[in-house]
Amino acid sequence: QVQLVESGGGLVQAGDSLRLSCAASGRAFSTYTMGWFRQAPGKEREFVAAINWSGIYHADSVKGRFTISRDNAKNTVYLQMNSLKPEDTAVYYCAAGNGIRNGDLYGINAWGKGTLVTVSS
């Protein structure tokens, strides 16, 4: 089973950029569909983006501002976040799953512990 560790969160101002990283250990990283989710205070966890061999998907709320990418040689998936807004404040989680369906990651079998992103106005 894959283990996931996120990094790169922090406190930034509105309009700034931040890049999150998720390092994976274990076997067959390249075979997983990787995704990012977030959970804001008092809200449910929501899908942000996912990537696999067949494509890249972003939630409408981040489309045009966030970009997911991966480096299979480094067993790492990234989330580049530009033009950050206060409403992007959340704990961001990395996840490994089986595929993408209806614009969401399914068959999730591993989660990271999360990294906090705080965007001040």
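One can find the structure itself at the top, above this paragraph.
Residues numbered from 1 in each chain as written. Predicted model: local features only at pLDDT ≥ 70, side-chain atom pairs only at ≥ 80, totals over all residues. Heavy atoms only, no water.

> So what exactly am I meant to see when it comes to the sheet that holds strand 3 (residues 18–25) here?
Strand pairing in a sheet is mediated by backbone hydrogen bonds. Such pairs are either parallel or antiparallel. As summarised here, the arrangement of the four strands in space is 1-3-8-7, forming an open sheet in which the pairing is antiparallel. Whereas interior strands pair on both sides, the edge strands pair on one side only; in this sheet they are strand 1 (3–7) and strand 7 (66–71). For this sheet, the mean angle separating the axes of adjacent strands, direction not counted, is 15°. Summarising the sheet, strand 7 and strand 8 (residues 76–81) pair through six bridges and their orientation is antiparallel. Residue pairing across strands places isoleucine 68 opposite leucine 79, the latter belonging to strand 8. (Pairing = 2+ DSSP bridges. Helix = DSSP H or I, 4+ residues; strand = E, 2+ residues; numbered from the N terminus. Axes fitted to C-alpha atoms, helices over the stretch in contact; angles between N-to-C directions.)

> Before we go on, may I ask you to explain the environment of isoleucine 100 in this structure?
Mapped onto the elements, isoleucine 100 comes out in strand 10 (residues 99–101). On a C-alpha basis, the gap between isoleucine 100 and threonine 33 in space is 7.4 Å, while along the polypeptide they are 67 residues apart.

> Which parts of the structure should I look at to understand the pattern of salt bridges?
Side chains that differ in sign of charge can pair as their charged atoms come close. Throughout the structure, instances matching the rule amount to four salt bridges. Note that glutamate 46 and arginine 38 form a salt bridge whose closest N and O atoms lie 2.6 Å from each other. Residue glutamate 46 is classed as partly exposed on the basis of its relative accessible area, which comes to 34%. The closest approach of N and O atoms between aspartate 88 and arginine 38, which form a salt bridge, is 2.9 Å. (Salt bridge = Lys/Arg side-chain N within 4 Å of Asp/Glu carboxyl O. Buried < 20%, exposed > 50% of the residue type's maximum accessible area, 1.4 Å probe, protein only.)

> Even after reading the chapter, I still don't get the packing of aromatic side chains, so can you show me in this structure?
The description of an aromatic ring pair uses the distance of the two centres, along with the angle that the planes make with each other. The tally for this structure, following the rule as stated, stands at three aromatic pairs. Ring centres of phenylalanine 37 and phenylalanine 47 lie 5.7 Å apart, and the angle between their planes is 75°; on these two criteria the pair is classed as edge-to-face. Highlighted residues: phenylalanine 37 in strand 4 (residues 33–39) and phenylalanine 47 in strand 5 (residues 46–52), separated in sequence by ten residues. By relative accessible area, phenylalanine 47 is classed as buried at 12%. Ring centres of tyrosine 93 and tryptophan 111 lie 6.4 Å apart, and the angle between their planes is 90°; on these two criteria the pair is classed as edge-to-face. Of this pair, tyrosine 93 sits in strand 9 (residues 90–97) while tryptophan 111 sits in strand 12 (residues 110–111), placing them 18 residues apart in sequence. Since its relative accessible area comes to 13%, tyrosine 93 is described here as buried. Residue classification places tryptophan 111 among the partly exposed positions, given a relative accessible area of 36%. The structure contains a cluster of three or more aromatic residues connected by ring pairs, namely Phe37, Phe47, Tyr93 and Trp111. (Phe/Tyr/Trp six-rings, centres within 6.5 Å; stacked < 30°, edge-to-face > 60°.)

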